[in-house]
Amino acid sequence: MLQTAEILKIFQQHRGDAIVFPGRGGRHWTKITTQPNLDVPLGDPAMGGCASFAMGLALAQPHKKVVVFDSEGDLLMSLGILATIAEQQPKNFYHFLLDNECYATTGGQPVPNAKNVSYDVIARGAGYPHAFAYDNLESFAADIQSILSRPGPVFVAMKVVPEIENMPIGQRKSWRTRSREEVLKGLQKELGIMI
Amino acid sequence: MTQPDEALLSPETVLKEMKKNGVTHVLWLPDSETNWLYQLMKAEPSLTLIVVPREGLAFPAAAGIWAGGKTPAILIQNTGLMESGDSLRGWVLGLSIPVVLLVGYRGWTRHGVTTDTAATFTERFLNAFGINYYLVENNADAPRISVAFEEARKTKRPVAVLVGDEFHGFNR
């Protein structure tokens, strides 16, 4: 299994000027990123929508790479979006999945059939032209440049160590350093979008 | 008895309103009323039609499209709107996304008792979420669609257009 922070550190070296939706990796990414105005650390506005949001962003900004760090619990809620993404074929879309095999933010209960789901196979079956799976950091580090040089949509499933939270939501310390409104305004300013 | 065309809400009128308001992407899940609109949207080069497999996925996708500087619209049935509650809350209301929801008002009638619970709960659902809405039944009502777009832009909120099911021409 991989550590999410280590994955993100390696990814950062190859990021270029990609827009990054860090998803559940956000708590680490905010400390690693060097281009926060191209980041979209929204946390979890409503579970099940990460990939859909990132797809929308990729379709609206076809000349910028869009990278999402999705999670398996989120994706299991919305598996059908893989078919939509495959149909739209956004060439700038890179879909990384952090699979910790559990609902980490609710105490670590396993997701359905936690240890036996091959998300890369599902993505390929839905029509993604490129799908990969990693369970060790060395292989991922060796391949990341090649992955990001392919035309999207690309899917990358990675087994990660769970980082379990078991505090009531009201007692958790937020890792987000900007409000959601500030995040979206910062991104749009960076992209030259006038609202 | 055949209804005269002016008594219908034509798909051409809906498409014209979308184009007038700069819609670039339509998030859509087909329902029994929108076949002709589908064909028109597919043929319209200024629109990207994105079919979602579940209505709740249209809301985060619309948020992403808006964040990227384009103009989404969501075209779904009232049944799917109700399915989408948490996505609507978190991704559109929570992120202040200005988006128009064109909602097929299945079961709606003004000629007697409404027997379809899809219609019974539609306006109650919108009221519960504090979403303003406009009823559109025929071509004469079409300017209300532009009113909805303008209101969404001004308020940075979703605004719904309920397409009255009895009189539209989408099934012709």
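What counts, and at which threshold
Residues numbered from 1 in each chain as written. Chains lettered and ligands numbered in written order. Predicted model: local features only at pLDDT ≥ 70, side-chain atom pairs only at ≥ 80, totals over all residues. Heavy atoms only, no water. pLDDT = per-residue confidence, 0-100. Disulfide = S-S within 2.5 Å. Helix = DSSP H or I, 4+ residues; strand = E, 2+ residues; numbered from the N terminus. Buried < 20%, exposed > 50% of the residue type's maximum accessible area, 1.4 Å probe, protein only. Contact = heavy atoms within 4.5 Å.

Trainee: When you look at the confidence of the model for chain B in this model, what are you seeing that I'm missing?
Mentor: The predicted coordinates ought not to be read in detail in places where the model reports low pLDDT. Of the residues in chain B, 90% reach a pLDDT of 70 or more, and the chain-wide mean stands at 90. Overall fold confidence for the complex sits at a pTM of 0.95, while the interface term, ipTM, reaches 0.96.

Trainee: How should I be thinking about the state of the cysteines in this particular structure?
Mentor: Two cysteines whose sulfur atoms are joined by a covalent bond form what is called a disulfide. Overall, the coordinates contain zero disulfides over all chains when judged by the stated rule. Residue Cys102 of chain A stays outside any disulfide, its sulfur separated by 16 Å from that of Cys50 of chain A, the closest cysteine.

Trainee: Explanation requested: the side chain of Glu44 of chain B in the structure shown.
Mentor: Residue and element names in this part refer to chain B. With respect to the element layout, Glu44 can be found in the loop between helix H2 (35-43) and strand E2 (48-51). Residue classification places Glu44 among the buried positions, given a relative accessible area of 12%. Glu44 has contacts with Leu15 and Lys19, leaving out every residue within four places of it along the chain.

Trainee: Hey, could you run me through the environment of Asp120 of chain A in this one?
Mentor: All names here are of chain A. Examined against the element boundaries, Asp120 turns out to sit in helix H6 (residues 119-126). For Asp120, a relative accessible area of 14% translates into the label buried. A sequence separation of 14 residues divides Asp120 from Tyr134, and the C-alpha atoms of the two residues are 9.7 Å apart. In this view, Asp120 contacts Ala131, Phe132, Ala133, Phe155 and Ala157; residues no more than four positions away in its chain are not counted.

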